[in-house]
Amino acid sequence: MEFTLKFKDLNEKREIPNDDYTIKDLLNELELSAQTVVSKQNGELVIEDTVIQEDDEIQLVQIIYGG
Amino acid sequence: MQCSQCGNSKVIYKREQSGQLLCKDCFIESIEKKAIKTVRKEKLLDKGDKVLVALSGGKDSVTTLEILNSFREMNVIDLCAVTVDEGIANYRQDGVDIAKRHAERLGIEHKVVSLKEDYGITLDEIMQRPNHKGSCTYCGVFRRTIINKAAREMGATKIATGHNLDDEVQGIMMNYLEGNTDNLTKLGAKTESQAEEFTVKIKPLREIPEREIGLYVVAKELEVHFDSCPYAMQSFRGEVSEVINQLAEKHPTIKYSTLRGYDKIKGVLKKEMQKEYAHGRCKRCGEPSANDLCKACSFLEELGV
Ligand code: SF4
Ligand SMILES: [Zn+2]
Ligand SMILES: [Zn+2]
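In this text, all values refer to a predicted model and were calculated from it rather than measured experimentally. (Residues numbered from 1 in each chain as written. Chains lettered and ligands numbered in written order. Predicted model: local features only at pLDDT ≥ 70, side-chain atom pairs only at ≥ 80, totals over all residues. Heavy atoms only, no water.)

**Q** Requested: an account of the coordination of the zinc ion (ligand 3), with residues and values cited.
**A** Residues and elements named next belong to chain B. Every protein donor of the zinc ion (ligand 3) is accounted for by C282 (SG), C285 (SG), C294 (SG) and C297 (SG), and the metal-donor separations fall at 2.2 to 2.3 Å. Because the angles between the four donor atoms bound to the zinc ion (ligand 3) fall within 105 to 114°, the donor set is best described as tetrahedral. Ordering the donors of the zinc ion (ligand 3) by residue number gives the pattern C-x2-C-x8-C-x2-C. Here the residue C285 occupies a position in the loop between helix 11 (254–273) and helix 12 (295–303), and C297 occupies one in helix 12, the gap between them amounting to 12 residues. (Donors = N, O, S within 2.8 Å, 3.2 Å for Na, K, Ca; no water. Tetrahedral: all angles 85-135°; square planar, octahedral: opposite > 155°, others 65-115°. Helix = DSSP H or I, 4+ residues; strand = E, 2+ residues; numbered from the N terminus.)

And the structure:
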């Protein structure tokens, strides 16, 4: 089971490691704070509690930069 | 999961401080209503104002422009914008281009002022100097001077900046922690100018958290420049911001209460702490200044330009 992650220059396929794998879990893995990014699932804005499904395209947009 | 306002199942935001869930349309509406409420409550606008937006092309200034444009469409105010090009390679140009496109889209008067053209030096060049005082010191002072001047040249009666809730709370805490009571008196929704030469500054977004502004521009598909300045570095502001954000995780209303608390004591602070305005003039450029030279000109003298 895979999904596509788009973040900055990144555009890659990633494994869905377990059931109920949410965007929040993904953010934790990438060491990104939910405070600094917004997430889109298949082009639509969603909250971080959203469960990632097979073949989803998850796009993360960093909206806050330090400094 | 459903939008707390309209029942739409496509929720895009959960407000931590209230538990409220919002769909895209209700979220956008909530941000616009909030900013408009601040404008009304703090009396930021007077009918017939010409408001100059300090437009960097980033999320905060683009949102400010968007909100104020609704007042322009109701014929309450006129709008214009200024963009400062500090001369930061691989960074500023994108913001300048985006600012130009927004001004064109709305059909408003827009001016781009570059440090190079006005002062003969770019921020990049200043940073090559061995004894520089740190990028943000110059950036802030020159930007303020340029925006004040632009306001006079364009006949603006107000200057609007994109300061959000996070900026404002950082400012309150930083100045408090540093014991800088003079700067503490200068925060707030609206600066009451002491000299006629200084145009009144307003902050329509000061009650909106930074993250909500970021989500707003993405939800509204507004073109903005999301990037970090190459000179952005560990600063005291950054450290304070980190602490506040950490506290906010367990105490989601803390930014609001800090702001409210400040607003309550501001009147007393101003009465007790505000320094008398110095009525002098800068010898070099004629801007109002407490000393012989204004801050911008004293930097220019030091830099030998
Ligand atoms: S971070 Fe960059 S743009 Fe911001 S004040 Fe500092 S030098 Fe200027
Ligand atoms: Zn709704
Ligand atoms: Zn001067």
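**Q** Break down the interface of chain B and chain A for me, citing the residues and quoting the values.
**A** Residue-level contacts link 17 residues of chain B with 18 residues of chain A. Where chain B abuts chain A, roughly 1400 Å² becomes buried across the two surfaces, and 67% of that area is made up of carbon and sulfur atoms. Counting every contact that joins chain B to chain A gives two salt bridges. One salt bridge in this structure joins E44(A) and K10(B), with 3.3 Å as the shortest N-O distance. Inspection of the region where chain B meets chain A yields four residue pairs in polar contact (both at pLDDT 80 or more). The set of elements that each furnish at least two residues to the side of chain B that touches chain A consists of strand 1 (11–14) and helix 9 (210–219) of chain B. A total of six residues in the side of chain B that touches chain A trace back to one element, the largest contributor, which is helix 9 of chain B. Here the residues of the side of chain B that touches chain A are counted per class, giving nine nonpolar, two polar and six charged. (Contact = heavy atoms within 4.5 Å. Buried area = accessible area lost by both parts, 1.4 Å probe. Salt bridge = Lys/Arg side-chain N within 4 Å of Asp/Glu carboxyl O. Polar contact = N/O pair within 3.5 Å; in protein donor to acceptor, adjacent residues only side chain to side chain. Nonpolar A, V, L, I, M, F, W, Y, C, P; charged D, E, K, R; others polar.)

**Q** Give me the packing of helix 1 (residues 24–41) of chain B against helix 9 of chain B: which residues, what numbers.
**A** All names here are of chain B. Here helix 1 crosses helix 9 at 125°, and the two axes come no closer than 10 Å. As the angle between them shows, helix 1 and helix 9 are arranged oblique. Where helix 1 crosses over helix 9, the two elements pack in a sense that is left-handed. Here K24, F27, I28, I31 and E32 of helix 1 come into contact with helix 9, specifically with E212, L215, Y216 and A219. (Axes fitted to C-alpha atoms, helices over the stretch in contact; angles between N-to-C directions. Parallel < 35°, antiparallel > 145°, perpendicular 65-115°, else oblique. Left-handed = near helix turned anticlockwise from the far one by under 90°.)

**Q** Hey, could you go over the pattern of salt bridges for me, with residue numbers and the actual values?
**A** Residue and element names in this part refer to chain A. As enumerated under the stated definition, the model contains 33 salt bridges over all chains in all. For K24, the salt bridge goes to D49, with nearest N and O atoms at 3.5 Å. One end of the pair, K24, is in helix 1 (residues 23–29); the other, D49, is in the loop between strand 4 (44–46) and strand 5 (57–62), and 25 residues separate them in sequence. A residue is classified by how much of its surface remains accessible, and K24, at 40% relative accessible area, is partly exposed. (Buried < 20%, exposed > 50% of the residue type's maximum accessible area, 1.4 Å probe, protein only.)

**Q** Which residues make up the sheet that holds strand 7 (residues 200–202) of chain B, and what values do they have?
**A** Residue and element names in this part refer to chain B. Strand order in this open sheet of five strands is 5-4-3-6-7, and the pairing throughout is parallel. Of all the strands in the sheet, just strand 5 (109–114) and strand 7 have a single pairing partner and so form its edges. Averaged over all pairs of adjacent strands, the angle between strand axes in this sheet comes to 25°, irrespective of strand direction. Bridge count between strand 4 (residues 78–85) and strand 5: six bridges; the pairing is parallel. Following the sheet pairing, D85 is matched in strand 5 by S114. Together, strand 3 (50–54), strand 4, strand 5, strand 6 (158–160) and strand 7 form the strand contacts of helix 6 (residues 135–153), whose direction differs from that of strand 4 by roughly 145°. (Pairing = 2+ DSSP bridges.)

**Q** Talk me through the coordination of the zinc ion (ligand 2); I want residue IDs and the actual numbers.
**A** Residues and elements named next belong to chain B. In the first shell of the zinc ion (ligand 2), the protein supplies C3 (SG), C6 (SG), C23 (SG) and C26 (SG), at 2.3 Å from the metal. Geometry at the zinc ion (ligand 2) is tetrahedral, judged from the four donor atoms that bind it and their angles of 104 to 115° at the metal. Linear spacing of the donor residues for the zinc ion (ligand 2) on their chain is C-x2-C-x16-C-x2-C. Taken together, the residues C6 in the segment before strand 1 and C26 in helix 1 connect sequence positions 20 residues apart.

**Q** Account for the site of ligand 1, naming residues and giving values.
**A** Residues and elements named next belong to chain B. By nearness alone, every residue bordering ligand 1 is listed as L123, S135, C136, C139, R143, C229 and A232. With four residues, the top contributor of residues to the shell around ligand 1 is helix 6. Considered class by class, the residues forming the shell around ligand 1 number five nonpolar, one polar and one charged. (Near = heavy atom within 4 Å.)

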